[in-house]
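Chain by chain, the residues run as shown.
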Amino acid sequence: MEESKRKERNRQRLTECFPAFASQVAAVISDMESQGFRPRIQAAHRSIADQLIAFKNGFAKVKFGFHNVTNGSGASESLAVDLLDDDRPLNPSREYLIRLAATAQRHGVETGIFFSLPQSLRKGLAEAITNLDFKSPVKMGFDPTHIQVTGITIAEAKAGKRPT
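Residues numbered from 1 in each chain as written. Predicted model: local features only at pLDDT ≥ 70, side-chain atom pairs only at ≥ 80, totals over all residues. Heavy atoms only, no water.

Trainee: For the pairing of strand β2 (residues 80-85), give the residues involved together with the corresponding values.
Mentor: Where burial is concerned, most of β2 is hidden: six out of the six residues are buried. What you see with β2 is no split at all: Ala80, Asp82 and Leu84 on one side and Val81, Leu83 and Asp85 on the other are buried throughout. With four bridges joining them, strand β1 (residues 39-43) and β2 adopt antiparallel strand pairing. Bridge pairing in β2 links Ala43 to Asp82. As judged from the three bridges shared by β2 and strand β4 (residues 143-148), these two strands associate in the antiparallel manner. (Buried < 20%, exposed > 50% of the residue type's maximum accessible area, 1.4 Å probe, protein only. Helix = DSSP H or I, 4+ residues; strand = E, 2+ residues; numbered from the N terminus. Pairing = 2+ DSSP bridges.)

Trainee: Can you lay out the nonpolar core for me, pointing to particular residues and giving the numbers?
Mentor: Among the nonpolar cores identified, the biggest contains 39 residues, and Phe21 and Leu79 are the most heavily contacted of them. Going through the elements one at a time, α2 (19-34), β2, α4 (94-106) and α5 (119-130) are the ones with two or more residues in this core. Among the elements that make up this core, the one with the highest residue count is α4 (seven residues). Setting aside chain neighbours within four positions, we find Leu79 in contact with Phe18, Phe21, Phe66, Val69, Ile147, Gln148, Val149, Ile152, Ala157, Lys161, Arg162 and Pro163. (Core = buried A, V, L, I, M, F, W, Y, C linked by side-chain atoms within 4.5 Å. Contact = heavy atoms within 4.5 Å.)

In structure tokens form, the structure reads like this:
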């Protein structure tokens, strides 16, 4: 994607997020850019109908998730984004995924790099992230470019709880 369009897309998608979370994602984007990557928010808010399609097609494990959060009047307050490497959107490098996980952690959010990963494989992945080890043959979870809030559950977010 052309650079100005990527930046505009990111700016627009951040408006779909709850403000405190948007600030964290903006910091992740800036940090990843300083590391030489071109992160692109593929998706922020997702309608319930689109979430159900993703669930039925095996791209989501929940029928309601952090992407679907809205405020009391129905305005988007997404607490998740999918942050792709614009240079390799369909096949991100191990380096991008590990750096994204490390960068997200530094900014108080988390990626889906551990999603559905057995407990026995988590320690090795955590070490690879801590050490920025891009050559380690560790397994990764099913949604490593997904970024979401920490400290609240999906049920709490659905009930109105938001990060501070």
